[in-house]
Every structure is written in structure tokens, then in C-alpha cells.
Number of protein chains: 2
Amino acid sequence: MKKHNFYAGPSIMSQFTIEETAKAVHNFADMGLSILEISHRSKQFQAVMDETVALFKELLEIPEGYSVLFLGGGASLQFAMVPMNMLSKKAAYLDTGVWASKAIKEAKLFGDVDIVASSKDKNYTYIPKDFVVPADVDYFHYTSNNTIYGTELRKDPEVGARLIADMSSDIFSRPVDISKYDLIYGGAQKNLAPSGVTFVIVKDDALGHVDRPIPTMLDYRTHVKKGSMFNTPPVLPIFSALQTLKYYKQLGGIREIEKMDIAKAETLYNAIDGSKMFVATVPNHEDRSIMNVCFVMKPEYKELEKEFIDFATEKGMVGIKGHRDVGGFRASLYNALPMESVNALVAAMKEFEAKH
Amino acid sequence: MKKHNFYAGPSIMSQFTIEETAKAVHNFADMGLSILEISHRSKQFQAVMDETVALFKELLEIPEGYSVLFLGGGASLQFAMVPMNMLSKKAAYLDTGVWASKAIKEAKLFGDVDIVASSKDKNYTYIPKDFVVPADVDYFHYTSNNTIYGTELRKDPEVGARLIADMSSDIFSRPVDISKYDLIYGGAQKNLAPSGVTFVIVKDDALGHVDRPIPTMLDYRTHVKKGSMFNTPPVLPIFSALQTLKYYKQLGGIREIEKMDIAKAETLYNAIDGSKMFVATVPNHEDRSIMNVCFVMKPEYKELEKEFIDFATEKGMVGIKGHRDVGGFRASLYNALPMESVNALVAAMKEFEAKH
């Protein structure tokens, strides 16, 4: 039985990505070799890299003057690379959760950090709205989707500073006005590829404005100049990313994907809001993530949470246990998750509620 | 037809690694999910990580007091991480090629570098012998195998300083006396796994002796403390590494592998040394790599090099073109390459020589 995969990340991949990757593990590009054992300098892999960059740019409508990089090390390494490359004196950060806080911690090693707003007072269950970004900062950084708490900022913010975002968990779920940004980064393991590769979209003229010496591998300019091939890139994760991008194009592109994502999220939020037993942890509808839906049982049913996890597990659902910082449940509805899985979860919730 | 894969890296993987990885892309650990889409926090993946570390330690006979890490970013990132974590004032480096030089370049960002010897005068075709490591350095760093030039230092050096080695391209090809080292690192994509993961063997008490602030992801202590799970690790490459380690254990461990590697290298070097047409680029036998065999055509046959590449390609050989810094040919004989492939290359050389 194929499971209903609600993992928060690494998370569900499309069947197309899985099947094409499996084929390439046996025989990549008809070379008679596995994707696991081919040179990244082979013309066949160079073609994969080129097509991945081109399709990534096409689907996100990335304008001229930007580079797309595929690096190792994870978004967590970007928390340090961003300030190392772009923070001269002071940067502004929005604190919307654990990942934002981790980015802030690293930035402080490189300069002053102005935390313009934080939703920590309510365990990060909302997105702060009334904040002012000082005009004298090198950049403003925010996390667009907060997987742990199920909050999301789905509109490109208007600020009078260079804009940088961690879009690890909601890239490819809505059109983004890339021209507003100097840099966007993210781990691939939600809407793009298996873990092991990190994407960076960077405006070329945003680089080279800091004075500190930067180790070669941590300098974005190295990877821009070498087309992500300065050193051996993570070959298989990049190949898998290309399969996902091809699948997205088949689906009709990001606007079509966004409609599907919204429909899935609405189905689940409506079921939660209409339930006597479950309640969403994010009260404000506009702050609710369409990628990660967090919910708990109302106080009077609290002792049934463990039983519901077991109930859902028996019905083939994995990954619905909430993060320990929030408790309860979290259903991650990334692009590859079919509506069928959302319907199965909603049906399980109703059945469980009727039983009690 | 399965090719004879002589790529320098990423390079040939065992059929066992390829088959087991392909199976896991379809269904990992009987979870009904692909290895591409499972949480790194699942108990099934934690078991993979634990077993990979344990088997890595067992096969290399790593003593107590050392940690084994699996990180992203490649050995090139280690060129910076090593001095960032371990260079206070001055370090000694042995310059045996492009990769050693790259490591030296990064170290200079963090302190003084004493290049104790270099073989650059002869295009790195030998391993310098008579060098002295000053007693006051923080560590001595060398590259054990130089893929581009086909040289290798197959004996753990005796120096009066902390010892650090880049063993990217010859780890698991001979027993190493780990107790002599403070740190050993390497990209996995030669004798271990597909690209995307880097191993680090580090003596726990070698860390924490520098004063500079280190970004969290670049601090070895972060990964020691979290068992390489501080952030999402490269899941599939680590799974594949485990398959390779299991395969090595089946083969009888490193001493058995070393015998096979030496037999393969001797077969090829003997054919080259006995040829009228071909000549090895490394004259000194004890400096010759058993992983990468570099050879060219003698001056009188030089114009036939391109023809031999085509000839070998027709016979199903890939990756035998030499690096541009050396020219001619390079046959990489990593652990997974069968003797059959070496014999096929030797036969092709003899046939070609007879033809001309």
C-alpha cells in the first residue's frame, strides 16, 4: 500500500520524480551507467545541470541579472553564508520561529542585527504585521513559511531595503515577484528534490559589497562564476530536482500548482474549523500556511491525541505528529501530495470524531 | 552493455550499492515510501545513520575518542572548515597538487601557512620526501592521493604535530592507523557513495582550541554533538554509503580490498612499463597511486593519443582521458572496479600497440 505521506521534510516526492530517479539509478541518459557513478563533468550531466537551471528560471519567471545555484550544506549553511556575503554593518530580521531565530543567531556573528518584530510572545502562531525596516540596513531577511507552526507570509513584503528570504518550505507554491529580492534560498527537500541540495537565487549585482575575506566555497561569486560546478555538486539530488521541475511544467506551471495547493489547504482547514474536536493552532486565516497545517485537539478531547495518531497510522498515514514545540498534529501538504491524501485525512478525522 | 567505468570521480559504485539504492528509491525499509521522501527523523533512517557510523568505524578500526561525521558541501568546504576549527597561528601543509594547493589557499585566510615541501617543480609527478614539519605548528595537512597526477602517499607520515589528511580518493583502500591522526576528511564520491556527502573522522579532544567565533554549521562540534543530524543530512548518499560499507564487509574488510587494489594497479602498471608505446607519468614506483593510474604515449606515438581514446571508447571504456594538467590517459581503479575492467584495458592497449 502506498502511504499518505504528510512528512514535514524530507517529504513526499511526485511519482514521476521517484520513477525517473529509479530508472537513472539503473541507467542514466542511456550511458550504461548509474547516476550514482557518472562524472559531473560528463556532457550528459552538464546537460542536466543546464536544463535544471533553465527550467527553474522559466517556472519561477526569474528575470535577467539573477543566477540560480545548486549547493550542498543545507539551508542551515545559508544562515551563515547570507551575512558572510551581504552583511557589512547591520541587517534586519523578522523573527517568525525557530528557523528565523537560527538565521538571526548566525547573522550576529557578522554584524548588528535589528529584529524588527517577533511573534515569539504567542509561540509564533501569527505573522507580525506592523514592523518597520530601517532604511540603513544592508538587507531585510524573513522566512516565508514556518513549518513548525504552520504560518506563512504569502505576499512579497514591501520594504525599503534589499530583500532576502528563506523559502525552503514554500518555493514553487505561488508565483513570487523575484525582482523584489536580492536573494532567495532554500533546502530542496520539500517541493523540489530529495535532501542534499540547496537552491540559491541571487541577483548578480547584490554580491561583492562586503570587505571581509570569504572562504572560496562560501563565496556565492565562486558558484555563480562556475555554474555550481566549482566542486562536485550533489549529482543525484540535482537530477531528481530536474524531474520535479519537468513534472511541474506538465502540471501547467506554478499558477496551476498554487490553485491545487490552495484547494488542498482549504479542504483541510475547513474540516478543522467545522470540527467539534480539532482546532487549528493559527487563528488568523491570512497567516495560515498552505504547506503545513497545524492543529490540536480541543482541551476536552486532549487525551485522545495519541489515539488519533494511531488511528491515522492504521489508515496508512505517516508524518502527522505535530512538532514537539506545538504538539498535536501537523499535516504537510506539499505540491506532490494528492488531494486524495487530504480527503483520506479528513475522512479519518470525521470517522474518529463520530466514534467519540 | 555495462561499461568499464574508469571515471576519476564521481566514479564506479558496486553493483550491490546500485541495486540496493534502486530498491530503496522504490521502497525504503519496507515503509511503502521512497528513500527520496522519508523524514531523516524517522526511526528507520536513524537506524541507517547509526549503522553507517558503526560500520565505518569497524572497517577502519577507528579507536575510542573519535567521531565520524557525514556532512554536505564536499571536501572543498573542508579546506576552509579545517583551519577555521583548528588553526590558531600557523599550520604546515604539503603541496602535492591542485587539491593540496586549494586547501593551502583557504588555510591562509585563517593564519600562517608553512608549505614544508612541494612537487610543483615537476608538475606534481612525485611525493616530496625530505621535509621537516616545525614543532610549533597547530597541525600538518597532506593529501594522501592526488587524482590528477596519480601519486599517493600510502604510509601514515610520522610528524611531530597534529596530523590531518584529505583522503577523498583513497579512503578504504588500505588500513590507516587512525590513532596517528587528529582529523581525516574526504568527499564520498570515490570509494564510498554517490556525490553529496563528505565524511569527517575527528578526534574529539582536537576540537575547541581556537578562539575565533565559528558559524554553527561550520563548527565540527555541532555535528559531533548532534550525530550529523543538526540539520537535514544528505539522506540518499548516506544510505548508499551504508550499502558500500556492507559490501566491503562481505568482501572481507579493508585488508582484502587492499590486496585486490594492489593486484589491479600492478596489472596495469606492469602493462604500461612493458609497453613500447605507453609510459607512466610517475616514474618513482613507490609514489604511484593504486587508485589513479596516469600514463601518456611516448613522444614518437604522441599523435595517436586521440585515436586510442576512441579505440577504448568503442570497447566500452569511459573516463580514461587524462586530466588537462597531465594529458594522455588516466584509469581510475577504485575499489568497485573489477579486475575484468583492468584486463579489458590492458588487452585494448596491447591490441592497439600491435596495430601500430
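Residues numbered from 1 in each chain as written. Chains lettered and ligands numbered in written order. Predicted model: local features only at pLDDT ≥ 70, side-chain atom pairs only at ≥ 80, totals over all residues. Heavy atoms only, no water.

Asks: Would you mind going over the overall build of chain A with me for this structure?
Replies: When its secondary structure is counted, chain A shows nine helices and 14 strands. A compact globule built from 356 residues would reach a C-alpha radius of gyration of about 21 Å, and chain A, at 21 Å, matches this within 12%. Along the first, second and third principal axes, the C-alpha set of chain A runs to 60 × 55 × 30 Å. Classification of the 356 residues of chain A by burial places 64% in the buried group. (Helix = DSSP H or I, 4+ residues; strand = E, 2+ residues; numbered from the N terminus. Rg over C-alpha atoms; globule rule 2.2 N^0.38 Å. Buried < 20%, exposed > 50% of the residue type's maximum accessible area, 1.4 Å probe, protein only.)

Asks: I keep staring at the sheet that holds strand β14 (residues 329-332) of chain B and nothing clicks. Help me out?
Replies: Hydrogen bonds between backbone atoms are what pair the strands of a sheet, whose relative direction is either parallel or antiparallel. All names here are of chain B. In spatial order, the strands read β11-β12-β14; together these three strands make up an open sheet with antiparallel pairing. Single-partner strands in this sheet number two, and they are β11 (278-280) and β14. Neighbour to neighbour, the strand axes of the sheet diverge by 35 degrees on average, direction disregarded. Taken together, the four bridges between strand β12 (residues 292-297) and β14 define a ladder with antiparallel strand orientation. What sits directly across from asparagine 292, in β14, is serine 332. Contacting β11, β12 and β14, helix α7 (residues 254-273) crosses the sheet at an angle of about 15 degrees to β12. (Pairing = 2+ DSSP bridges. Axes fitted to C-alpha atoms, helices over the stretch in contact; angles between N-to-C directions. Contact = heavy atoms within 4.5 Å.)

Asks: Looking at this structure, how should I read the relation of the copies chain A and chain B?
Replies: A rotation about some axis, followed by a shift along it, carries one copy of the chain onto the other. Least-squares fitting of chain A to chain B yields an RMSD of 0.0 Å, with the transformation described by 0.0 Å of translation along the axis and a rotation of 180 degrees. The operation mapping one copy onto its partner corresponds to a two-fold rotation axis. (Least-squares fit on C-alpha atoms with pLDDT ≥ 70 in both.)

Asks: Sorry, what's going on with the sheet that holds strand β9 (residues 183-187) of chain A here?
Replies: Residue and element names in this part refer to chain A. Spatial ordering of the open sheet is given by β2-β10-β9-β8-β5-β3-β4, a layout of seven strands whose pairing is mixed. Lying at the two open borders of the sheet, with one neighbouring strand each, are β2 (66-71) and β4 (112-118). Between one strand and the next, the sheet's axes are offset by a mean angle of 15 degrees, whatever the strand orientation. Running at roughly 160 degrees to β9, helix α3 (residues 75-86) makes contact with β2, β3 (90-95), β8 (163-166), β9 and β10 (198-203) of the sheet.

Asks: Even after reading the chapter, I still don't get empty space enclosed by the protein, so can you show me in this structure?
Replies: Taking a probe equal in size to a water molecule and rolling it over the atoms shows the remaining empty space. The final tally for this structure, using the stated rule, is four cavities of 30 Å³ or more. Quantified by volume, the largest cavity comes out at close to 170 Å³. Surrounding the largest cavity, 19 residues form its lining, Asn231, Thr232, Pro233 and Pro234 of chain A together with Gly73 of chain B being those nearest its centre. (1 Å grid on protein atoms, 1.4 Å probe; cavity = no way out; pocket = protein on both sides within 12 Å on 5 of 7 lines; lining within 4 Å. Points joined across faces, edges and corners; volume = space filled by probe spheres on them.)

Asks: Mind showing me how you'd approach the interface of chain A and chain B here?
Replies: How big an interface is tends to be reported as the loss of accessible area on association of its parts. Contacts between chain A and chain B engage 58 residues on the former and 58 residues on the latter. For the pair chain A and chain B, the two sides together bury roughly 4,300 Å², of which 64% comes from carbon and sulfur. The largest share of the area that chain A buries against chain B comes from Tyr7, Leu36 and Glu37 of chain A, three residues that together contribute 15% of it. Between the two partners, chain A and chain B, sit zero salt bridges. (Buried area = accessible area lost by both parts, 1.4 Å probe. Salt bridge = Lys/Arg side-chain N within 4 Å of Asp/Glu carboxyl O.)

Asks: What's the story with the packing of aromatic side chains in this structure? I'm lost.
Replies: What describes a pair of aromatic rings is the distance from one ring centre to the other and the angle between the planes of the rings. All names here are of chain B. Counted under the stated rule, the structure contains 42 aromatic pairs over all chains. The interplanar angle of 45 degrees and the centroid separation of 6.3 Å between the aromatic rings of tyrosine 247 and tyrosine 248 together place this pair among those described as tilted. Under the relative-accessibility criterion, tyrosine 247 is labelled partly exposed at 22%. Given the relative accessible area of 3%, tyrosine 248 is considered buried. (Phe/Tyr/Trp six-rings, centres within 6.5 Å; stacked < 30°, edge-to-face > 60°.)

Asks: Even after reading the chapter, I still don't get the pattern of salt bridges, so can you show me in this structure?
Replies: Pairing is possible between side chains that carry opposite charge, provided their charged atoms lie close to one another. Following the criterion strictly, the structure yields 34 salt bridges over all chains and no others. A salt bridge links aspartate 287 of chain A to lysine 129 of chain A; the shortest N-O distance between them is 2.7 Å. Of this pair, aspartate 287 of chain A sits in the loop between β11 (278-280) and β12 (292-297) while lysine 129 of chain A sits in the loop between β4 and β5 (140-143), placing them 158 residues apart in sequence. Here lysine 129 of chain A falls in the partly exposed class, since its relative accessible area comes to 41%. Taking the shortest distance from any N to any O, the salt bridge between glutamate 61 of chain B and arginine 255 of chain B comes out at 2.8 Å. Linking glutamate 61 of chain B in the loop between α2 (43-60) and β2 (66-71) with arginine 255 of chain B in helix α7, this pair joins segments that are 194 residues apart in sequence. Several salt bridges share partner residues, and in doing so they unite Glu152, Arg154 and Glu258 of chain A into one network.

Asks: When you look at unusual backbone geometry in this model, what are you seeing that I'm missing?
Replies: Glycine aside, the phi torsion of most residues is negative, and most peptide linkages are trans. All names here are of chain A. Look at the link from glycine 9 to proline 10: it is a cis peptide, with omega at -5 degrees. Relative to the helices and strands, proline 10 is located in the loop between β1 (4-5) and α1 (15-26). Of note, asparagine 123 is a non-glycine position whose phi angle comes to about 50 degrees, a positive value. Here asparagine 123 shows up in the loop between β4 and β5. Assessed through its relative accessible area of 35%, asparagine 123 is described here as partly exposed. One non-glycine residue, serine 228, lies in the positive phi region at around 60 degrees. Mapping serine 228 onto the fold places it in the loop between α5 (220-225) and α6 (235-251).

Asks: Explain the domain arrangement of chain A to me, please; I cannot follow it from the model alone.
Replies: Residue and element names in this part refer to chain A. What the domain assignment reports for chain A is domain 1 (15-251) and domain 2 (254-355). Here domain 1 and domain 2 have C-alpha centroids that lie 27 Å from each other. Taken together, the contact between domain 1 and domain 2 spans 27 residues of the former and 27 residues of the latter. In total, about 2,300 Å² of surface goes out of reach between domain 1 and domain 2, with carbon and sulfur atoms giving 53% of it. For the domain 1 face of the interface with domain 2, the top three residues by lost area are Ile148, Pro175 and Leu251, together amounting to 22%. Summed over the shared surface of domain 1 and domain 2, the number is three salt bridges. (Domains from an automatic or database assignment.)

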